[in-house]
Amino acid sequence: MTLTVRRFLDAGRAALDLGLLQGEAHLDRAVREPALNRPGLALAGFLRYFAHRRIQVIGLAELTYLKGLAVDERAARLKAFFESGIPCIVLSRGIRPLPEMPALAESYGVPLLRTHQITGRFVQMAAVLIEELIAPRTRYQGTMIDINGIGTMIEGPPGVGKSETALSLIVRGYSLVADDLAELRRVSSGEILGTALDATRFHMEIRGLGIIHVPSLYGVTSVRREKRLDMIVRLERAMSAADEERTGLDAQTKDVLGVAVPFFRIAVVAGRDISNVVEAATLNFRLRQLGHDAAKELDQRLMQQLIAERPRTSD
Amino acid sequence: MTEASPGADGTAVRDVKVLNQYGIHARPAALLVKTASAFRADVMLEKDGVEVSAKSIMGLLTMEGHQGAKIRISARGDDAAAAVAALAELFEKKFFED
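Residues numbered from 1 in each chain as written. Chains lettered and ligands numbered in written order. Predicted model: local features only at pLDDT ≥ 70, side-chain atom pairs only at ≥ 80, totals over all residues. Heavy atoms only, no water.

Participant: Tell me about the overall build of chain A, and please be specific about residues and values.
Facilitator: Helices and strands together make up the secondary structure of chain A, namely ten helices and 17 strands. For a compact globule of 315 residues, the expected C-alpha radius of gyration is about 20 Å, and chain A comes in at 28 Å, more than 25% above that figure. Judged by the C-alpha coordinates and their principal axes, chain A covers about 95 × 60 × 30 Å. Residues classed as buried in chain A amount to 44% of the 315 residues present. Long-range pairs, those at least 24 residues apart, make up 69% of the contacts in chain A between residues at least 6 apart in sequence. Treating the 41 positive side-chain charges of chain A as one cloud and the 37 negative ones as another, the clouds have centres 5 Å apart. (Helix = DSSP H or I, 4+ residues; strand = E, 2+ residues; numbered from the N terminus. Rg over C-alpha atoms; globule rule 2.2 N^0.38 Å. Buried < 20%, exposed > 50% of the residue type's maximum accessible area, 1.4 Å probe, protein only. Contact = heavy atoms within 4.5 Å. Lys, Arg positive; Asp, Glu negative; His and termini not counted. Charge placed at Lys NZ, Arg CZ, Asp CG, Glu CD.)

Participant: Explain the domain arrangement of chain A to me, and be specific about the residues and the numbers.
Facilitator: Each assigned domain of chain A is listed here: domain 1 (5–134) and domain 2 (137–299). Once you take the C-alpha centre of each, domain 1 of chain A and domain 2 of chain A turn out to be 44 Å apart. (Domains from an automatic or database assignment.)

Participant: Quick one: what's the story with the nonpolar core, residue by residue and with numbers?
Facilitator: If you look at the biggest cluster of nonpolar residues, it comprises 34 residues, and the most contacted ones within it are Ile24, Leu32, Leu45, Leu60, Ile73 and Phe91 of chain B. Breaking this core down by element, the ones donating at least two residues are helix H10 (294–309) of chain A together with strand S2 (11–17), helix H1 (26–37), strand S3 (42–47), helix H2 (57–61), strand S5 (70–76) and helix H3 (80–92) of chain B. Setting aside residues up to four positions removed in sequence, Ile73 of chain B forms contacts with Ala12, Val13, Arg14, Val16, Val43, Met44, Leu45, Val84, Leu87, Ala88 and Phe91 of chain B. Ala166, Leu169, Tyr174 and Val233 of chain A belong to the second-largest nonpolar core, a separate cluster that totals 24 residues. (Core = buried A, V, L, I, M, F, W, Y, C linked by side-chain atoms within 4.5 Å.)

Participant: I'd like a rundown of the interface of chain A and chain B, residues and numbers included.
Facilitator: Across the contact, 18 residues belong to chain A and 19 residues belong to chain B. Interface of chain A and chain B: buried area, both sides summed, is about 1,700 Å²; carbon and sulfur atoms make up 62% of it. Per-residue buried area on chain A facing chain B is highest for Arg246, Leu306 and Arg310 of chain A; these three make up 31% of the total on that side. Across the chain A-chain B interface, the total number found is zero salt bridges. When its residues are assigned to classes, the side of chain A that touches chain B shows nine nonpolar, two polar and seven charged. (Buried area = accessible area lost by both parts, 1.4 Å probe. Salt bridge = Lys/Arg side-chain N within 4 Å of Asp/Glu carboxyl O. Nonpolar A, V, L, I, M, F, W, Y, C, P; charged D, E, K, R; others polar.)

Participant: Describe the sheet that holds strand S14 (residues 226–228) of chain A, with residues and values.
Facilitator: Residue and element names in this part refer to chain A. As summarised here, the arrangement of the four strands in space is S6-S10-S11-S14, forming an open sheet in which the pairing is antiparallel. Here the strands that pair on one side only, and so sit at the sheet edges, are strand S6 (137–141) and S14. For this sheet, the mean angle separating the axes of adjacent strands, direction not counted, is 30°. (Pairing = 2+ DSSP bridges. Axes fitted to C-alpha atoms, helices over the stretch in contact; angles between N-to-C directions.)

Participant: Lay out the sheet that holds strand S5 (residues 112–115) of chain A with the relevant residues and their values.
Facilitator: Residues and elements named next belong to chain A. Within the open sheet, the five strands sit side by side as S1-S5-S4-S3-S2. Their pairing is mixed. The open sheet has two free edges, formed respectively by strand S1 (18–22) and strand S2 (36–37), since each of these has just one partner strand. With three bridges joining them, strand S4 (residues 89–91) and S5 adopt parallel strand pairing. By the bridge assignment, Val90 is partnered in S5 with Leu113. Running over the sheet, helix H1 (residues 5–15) touches S1, strand S3 (55–58), S4 and S5 and is turned about 135° from S1.

Participant: How would you sum up the packing of aromatic side chains? Please name residues and give values.
Facilitator: Residues and elements named next belong to chain A. Applying the stated criterion across every chain, the model contains three aromatic pairs over all chains. When the ring of Phe81 is compared with that of Phe82, the centres are 5.8 Å apart and the planes differ by 80°; the resulting orientation is edge-to-face. When its relative accessible area of 1% is taken as the criterion, Phe81 is described as buried. Taken together, the ring pairs in this structure connect Phe50, Phe81 and Phe82 into an aromatic cluster. (Phe/Tyr/Trp six-rings, centres within 6.5 Å; stacked < 30°, edge-to-face > 60°.)

Participant: So what's going on with the packing of H1 of chain A against helix H6 (residues 119–134) of chain A? Residues and values would help.
Facilitator: Residue and element names in this part refer to chain A. One can describe the packing of H1 onto H6 by two numbers: an axis separation of 11 Å at closest approach and a directional angle of 125°. Our classification of the angle between H1 and H6 gives oblique. As for the relative orientation of H1 and H6, their crossing is right-handed in sense. Contacts from Arg7, Phe8, Ala11, Gly12 and Ala15 of H1 reach H6 at Phe122, Met125, Ala126, Leu129, Ile130 and Leu133. Of the residues assigned to the contact of H1 with H6, the class counts are nine nonpolar, one polar and one charged. (Parallel < 35°, antiparallel > 145°, perpendicular 65-115°, else oblique. Left-handed = near helix turned anticlockwise from the far one by under 90°.)

Structural data, given as structure tokens:
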């Protein structure tokens, strides 16, 4: 998703104390390189390697430097700065624009933004915000639950029992993240974070009951706003014996936003308590993260025994 | 090494030997179970008088099917002959391991 100056401004109004000084008409300009730049060297006349695709932040240092220049020198530097194709300028610390700036901003279509935050803090927080804004994201059909710290997505065809399985897990004390539809985004650490859509957050639809508000029924610990996605469990109605995992030796993954997420398929059969199976899957996953792979360990012990038992001379 | 006993009333039997180096550990057991589960017939494996279902992973893992062990495959049901043939083939092919 392209980052426009408008998106940056809208997201930054509350988070970064950002406001628009001028350039309403040019807010749809794209920030071609979603990052920040302090243009000290560019303003000093060194325009090679100038990161002109980034959001330009002018703080006290830049301002003081510009103020110290001769008037015509300053006009020339600022013109070169504006015409290089910069997406927008943020003046920090509540700085007022220099007298040349409004006209240049208007003629090159560069919006002028301002924050009252000090520059260092603004740059740090804006970098975090930009990362949020450009994180690859997708909507994912499934019910997401935090089971013992393992973010688990339960997916499957309609009516297979995703919400009912989630409900019995909630009754056991685990927390709902999103019912039936989750928003996933990949952050720079390579993790995927899942959250509910605002409209339906903390609600679930249970067939035969309708819509319930989970924390009202099960308390504040029964919901979670956001959770890292650790594994996906797919519930399937009809599943051939050949498809079902029987040993746990062959780990499967599913690609979500370019990340390989551990993936399990569970056949839904009458009389099988699926929430038990899902809970066991997450516990086993956790055990594996701690370095214990039960299936592999059993298999290795077994192979040793079998080797020891075979006759000395095998015919 | 194997002799097929012609089955009356939908039973089939065949004797095989474990050929692969590591014997019936988890992977071969899973392969046997998946193959056996594709048939309607009840399929059993027997070694030294102990019989386990070929559709049970845990059963197969306890049968100590090391290399050289003699195993009797038996099946009962309308597709018993095909089930026995399919399982015997896995033994002969060393479970695609060695």
